[in-house]
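# Observations on chain architecture
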Protein chains: 2
Amino acid sequence: MNPTPLYVQLADILREMIKSGELQPRSLLPSESYLQQEHGVSRGTVRMAVGILREEALVVTIAGRGTFVRAPEPKGQ
Amino acid sequence: MNPTPLYVQLADILREMIKSGELQPRSLLPSESYLQQEHGVSRGTVRMAVGILREEALVVTIAGRGTFVRAPEPKGQ
DNA sequence: GAGAATTTGTACGTATGTATG
DNA sequence: ACATACATACGTACAAATTCT
């Protein structure tokens, strides 16, 4: 009965934006601050969502810069 | 029970300095770096405090220059 | 004009506290 | 007890705008 946690929902949204190509490889994800306001959640929730994508190796985060969409691994590796 | 947040307290102090005339219209507010050290808080806390005054239209901030006390609106404008 | 220093702008990293279910 | 979610507050890093030497 428990609804899907907000941070999982947000991770799902962002993952879909990457898979669909809306967020291109090597491009920046929206900042934590932007995602906070855009989705009406706290920074902690945003960070947990992005953390999921990081664990899935879909994105790479650099302090002071932002979070980047990783290039998909070329086939045959 | 929660104490007033530091950034609200600092905003209150700065607002009072403006209202009282200690900080004159068109003069510069102390820099973020100065306010940090002077009040023993982090830069983020200073920025949130100044952000409150900005929302109240008591000050105007210019990147690379500083934050200025706004001149009170002359009657009839 | 070049370069350094200052100041604000933006972004992520971490810790703690509170509240709810 | 635990997970979720929010807010506060510290810090670091990098970038951009401006000023000064």
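What this report covers is the structure whose coordinates are included nearby.

This brings us to the pairing of strand β1 (residues 59-62) of chain B. Each regular strand carries side chains that alternate between the two faces of the sheet. All names here are of chain B. Bridge analysis of β1 against strand β2 (residues 66-69) gives four bridges, and the strand direction is antiparallel. Bridged to Val60 within β2 is Phe68. The hairpin formed by β1 and β2 contains three residues between the paired strands, and Gly64 there has a positive phi angle of roughly 85°.

Right, let's get into the pattern of salt bridges. Residues and elements named next belong to chain A. Counted by the stated rule, this structure contains eight salt bridges over all chains. In this structure, the salt-bridge partner of Glu56 is Arg15, at a minimum N-O distance of 2.9 Å. Here the residue Glu56 occupies a position in the loop between α3 (43-55) and β1 (59-62), and Arg15 occupies one in helix α1 (residues 6-19), the gap between them amounting to 41 residues. A salt bridge links Arg43 to Glu32, with the shortest nitrogen-to-oxygen separation between them at 2.7 Å. Of this pair, Arg43 sits in helix α3 while Glu32 sits in helix α2 (residues 32-39), and the two are eleven residues apart along the sequence. Arg43 gets classed as partly exposed once you look at its relative accessible area, which sits at 47%. Residues participating in the shared-partner salt-bridge network are Asp12, Arg15 and Glu56.

Residues and elements named next belong to chain A. Closest axis-to-axis distance for the α1/α3 pair is 8 Å, and the angle between their directions is 50°. In terms of their interaxial angle, α1 and α3 are classed as oblique. Crossing hand, α1 versus α3: right-handed. Along the contact surface, α1 presents Leu6, Tyr7, Val8, Leu10, Ala11, Leu14, Arg15 and Ile18, while α3 presents Thr45, Val46, Met48, Ala49, Val50, Ile52 and Leu53. Each residue belonging to the contact of α1 with α3 can be placed in one class, and the counts come to 13 nonpolar, one polar and one charged.

Near DNA strand D lie 21 residues; those nearest to it are Leu6, Tyr7 and Thr45 of chain A together with Leu6 and Thr45 of chain B. A share of 82% of the atoms of DNA strand D within 4 Å of the protein falls on sugar and phosphate groups. One nitrogen or oxygen atom from the side chain of Tyr7 of chain A is found 2.6 Å from a phosphate oxygen belonging to DNA strand D. Thr45 of chain B is positioned such that a nitrogen or oxygen atom in its side chain is 2.3 Å from a phosphate oxygen of DNA strand D. Counting residues per element, the ones that place at least two in the surface near DNA strand D are α1 and α3 of chain A together with α1 (6-19) and α3 (43-55) of chain B. Of the residues in the surface near DNA strand D, the class split is nine nonpolar, eight polar and four charged.

Cut-offs used in this document
Residues numbered from 1 in each chain as written. Chains lettered and ligands numbered in written order. Predicted model: local features only at pLDDT ≥ 70, side-chain atom pairs only at ≥ 80, totals over all residues. Heavy atoms only, no water. Pairing = 2+ DSSP bridges. Helix = DSSP H or I, 4+ residues; strand = E, 2+ residues; numbered from the N terminus. Salt bridge = Lys/Arg side-chain N within 4 Å of Asp/Glu carboxyl O. Buried < 20%, exposed > 50% of the residue type's maximum accessible area, 1.4 Å probe, protein only. Axes fitted to C-alpha atoms, helices over the stretch in contact; angles between N-to-C directions. Parallel < 35°, antiparallel > 145°, perpendicular 65-115°, else oblique. Left-handed = near helix turned anticlockwise from the far one by under 90°. Contact = heavy atoms within 4.5 Å. Nonpolar A, V, L, I, M, F, W, Y, C, P; charged D, E, K, R; others polar. Near = heavy atom within 4 Å. Polar contact = N/O pair within 3.5 Å; in protein donor to acceptor, adjacent residues only side chain to side chain.

Function-wise, these values are silent; they only describe arrangement.
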